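Secondary and tertiary structure notes
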Amino acid sequence: MDIKVLGPGCAKCSEAEKIMVAAVKEAGIAANIEKISDFQQIAKLGVFSTPAVVIDGQIKCVGKVPSKVEALIWLKG
Amino acid sequence: MSSSEHTPHPVSLTMGRSLLALLALALWFAVYRQLEPFSRLLSYDLLGLSPESRGGAALQFFLYDTPKVLMLLALIVYGVGIIRSFFTPEKTRAILAGKSEAVGNVLAALLGIVTPFCSCSAVPLFIGFVTAGVPLGVTFSFLISAPMVNEIALVLLYGLLGWKVAALYLGTGLMVAIVAGWVIGRLGMEQHIESWVMEIRTSAEETGPEQLIPWEERFRAGREAVVEIVGKVWIYVIAGIAVGAGIHGYVPEGALAAIMGKGAWWSVPVAVLIGVPMYSNAAGIVPVVHALLEKGAALGTVLAFMMSVIALSLPEMVILRKVLRPTLIAVFVGVVASGIILVGYLFNFII
């Protein structure tokens with residue numbers, strides 16, 4: 001699984017990353033989590049409100065920090 | 001949003017919730033109305049300070065304003081948090097993408113108030129808007145209005161200075177955002193956007209199907225907004241009120257009339273020049289504004305100062321530099337600052 005957390009590096013973005021890391025650990029699956037803070041790359045992924053989470057190329061949430069429950073559903077689904 | 005934990009509630013439970021909300025609101029009002037007498041009781045009767053003494057007046061001002069402002073803040077942030085759950089940057093973009101310039105500027109300024117927006121996503125948002133076909137000037141109207149017409153500033157102005165000043169701030173803030181955005185659009189500055197931005201193609205229709213958000217979720221958004229925003233700004237509010245209380249108690253009446261009064265024509269541009277690079281939270285600046293006004297500063301001058309502090313800031317310019325060439329940033333700052341100066345003069349002239 002390829003997880004991308006998108007955000008320029010404000011407090012909310014690092015919180016989103018933390019939640020994804022915790023969720024992956026809890027789900028016990030092998031996933032590669034990448035933090036993307038370059039605006040050019042963020043824009044190319046088609047996202048324009050941050051923080052955002054992209055899993056295997058699919059945009060899962062934009063403009064908010066996901067809850068751990070949500071994150072777990074994405075990971076299992 | 002997959003909200004499997006939410007099951008539809010029976011009507012009686014929803015009624016119960018509404019009743020609870022009403023009760024909470026009534027309690028809020030009851031407490032709010034007791035704040036002033038309570039602050040007097042505390043500072044004059046219990047602590048034995050004289051209302052005529054400087055320390056007494058300053059303390060009573062502080063003890064009254066602090067809880068009052070924090071209570072107003074919590075209420076309004078809660079309300080705005082719920083309203084914002086109806087708007088997303090994606091929806092706003094879809095609304096703006098097909099609009100002509102003049103209408104677009106007005107809509108963008110209005111949507112700037114209610115669309116949830118954090119200044120750190122100014123750049124992705126700019127890219128998302130411009131590449132989806134929202135005109136540059138309309139995008140700027142949004143980017144100006146979002147920080148400038150601030151719900152925290154609005155509630156503080158209302159609480160400390162009354163509804164007239166709050167309404168003037170709301171109206172002129174919107175005007176500046178609309179007109180400045182329109183002017184920037186007229187100037188045809190598209191070539192001053194960094195070229196890589198224009199190579200990205202997005203469309204406004206890309207967003208997924210609209211999800212129905214349960215009310216539960218919206219109330220939660222309101223509560224979260226209160227925890228987040230009040231938790232962040234309370235310290236500025238208290239610091240601002242403390243400075244205000246100091247000025248209230250110790251600076252003689254009319255001391256500022258000479259330098260910040262109506263007579264000093266140069267005070268408006270100077271106030272804006274000082275305010276532009278400064279960045280402060282609206283929560284910290286309004287109590288100071290309140291105190292300055294009391295001591296003879298002119299309303300236009302003080303409002304212009306406040307607007308320039310919250311609407312334009314150095315960190316924002318640095319972040320926007322990633323997508324805008326320096327010329328466009330200079331034009332942006334110049335146009336907005338001029339608009340604010342005009343507003344300042346207008347107020348000083350009218351009132």
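A brief structural summary. Just so it is clear, the model here is predicted, and its values are computed rather than measured.

Of regular secondary structure, chain A possesses three helices and four strands. Reading the secondary structure of chain A in the N-to-C direction produces β-α-β-α-β-β-α. For chain A, the C-alpha radius of gyration of 11 Å lies close to 11 Å, the compact-globule estimate for 77 residues. Overall size of chain A, expressed as C-alpha extent along the three principal axes, is 30 × 25 × 15 Å. In chain A, buried positions account for 40% of the 77 residues.

All names here are of chain B. In this model helix H13 (residues 282-294) runs 19 Å from its N-terminal to its C-terminal C-alpha over 13 residues, within 8% of the 18 Å that 1.5 Å per residue would give. All of the buried residues in H13 are Ala-282, Ala-283, Gly-284, Ile-285, Val-286, Pro-287, Val-288, Val-289, His-290, Ala-291 and Leu-292. Looking at the residues trailing H13, positive phi occurs at Gly-296, about 100 degrees.

Our focus in this paragraph is the sheet that holds strand E4 (residues 58-62) of chain A. Strand pairing in a sheet takes place through backbone hydrogen bonds and is either antiparallel or parallel in direction. Residues and elements named next belong to chain A. Read from one edge of the open sheet, four strands run E2-E1-E3-E4, paired in mixed fashion. Because the sheet does not close on itself, it has two edges, and the strands there are strand E2 (32-36) and E4. Between one strand axis and the next, the sheet turns by 20 degrees as a mean value, whatever way the strands run.

This paragraph deals with the pairing of E2(A). Residue and element names in this part refer to chain A. Relative to E2, strand E1 (residues 2-6) runs parallel, the two being bridged by five bridges. From the neighbouring strand, Asp-2 faces E2, where its bridge partner is Asn-32. Handedness of the crossover joining E1 and E2 through helix H1 (residues 11-27) is recorded here as right-handed.

A separate point is the interface of chain A and chain B. Contact residues are listed per partner, giving 16 residues for chain A and 17 residues for chain B. Of all the elements in the fold, those that place two or more residues in the side of chain A that touches chain B are helix H2 (39-44) and helix H3 (68-76) of chain A. Sorting elements by how many residues they give to the side of chain A that touches chain B places H2(A) first, with five residues. Here the residues of the side of chain A that touches chain B sort into eight nonpolar, five polar and three charged.

Residues and elements named next belong to chain B. With respect to the helices and strands, the residue Ala-291 is situated in helix H13. Overall, the presence of 25 C-beta atoms within 10 Å leaves Ala-291 in the buried class. Beyond its immediate stretch of four places on either side in the chain, Ala-291 contacts Gly-244, Ile-247 and His-248.

What follows is about the environment of A:Gly57. Residues and elements named next belong to chain A. Examined against the element boundaries, Gly-57 turns out to sit in the loop between strand E3 (52-55) and E4. For Gly-57, a count of 8 C-beta atoms within 10 Å gives the class exposed. Measuring from C-alpha to C-alpha, the distance between Gly-57 and Lys-4 comes to 8.5 Å, with 53 residues separating the pair along the chain.

This part covers the nonpolar core. Membership of the largest hydrophobic core comes to 117 residues, with the highest contact counts inside it found for B:Leu156, B:Val286, B:Ala304, B:Met306 and B:Val336. The contact partners of B:Ala304, leaving out residues within four places of it in the chain, are B:Val268, B:Ala271, B:Val272, B:Ile340, B:Ile341, B:Val343 and B:Gly344.

Okay, unusual backbone geometry next. Residues and elements named next belong to chain A. A cis geometry characterises the amide bond from Thr-50 onward to Pro-51, with omega recorded as -5 degrees. Within the secondary structure layout, Pro-51 lies in the loop between H2 and E3. Unlike most non-glycine residues, Asp-56 shows phi in positive territory, near 50 degrees.

Conventions used here
- Within each chain, residues carry numbers counting from 1 in the order of the written sequence.
- Written order determines the labels here, with chains lettered from A and ligands numbered from 1.
- Owing to the predicted nature of the model, reporting of local features is limited to residues with pLDDT of at least 70; listing and counting of side-chain atom pairs is limited to 80 or more, with chain, interface and lining totals taken over all residues.
- Here a helix means four or more residues in a row that DSSP labels H or I, a strand means two or more in a row labelled E, and each is numbered from the N terminus.
- Values of the radius of gyration come from C-alpha atoms, whereas the globule rule sets the reference at 2.2 Å times the count of residues to the power 0.38.
- Between the buried cut of 20 or more and the exposed cut of 12 or fewer other C-beta atoms within 10 Å of a residue's own C-beta lies the partly exposed class, and all C-beta atoms are placed from the backbone.
- A helix is expected to span 1.5 Å for every residue after the first.
- Only when DSSP finds a minimum of two bridges between them are two strands counted as paired.
- Geometry is summarised by axes, namely lines fitted to C-alpha atoms with helices restricted to the contacting stretch, and by angles between N-to-C directions that run from 0 to 180 degrees.
- Handedness of a crossover: with both strands directed away from the viewer, a clockwise path from the first strand across the helix to the second marks it as right-handed.
- We call two residues in contact if the C-beta atoms placed from their backbones are at most 7 Å apart.
- Under the grouping applied here, Gly and all other residues not named as nonpolar or charged are polar, the nonpolar ones being Ala, Val, Leu, Ile, Met, Phe, Trp, Tyr, Cys and Pro and the charged ones Asp, Glu, Lys and Arg.
- Among buried residues, those of type Ala, Val, Leu, Ile, Met, Phe, Trp, Tyr and Cys that are joined through C-beta atoms within 7 Å form a set called a nonpolar core.

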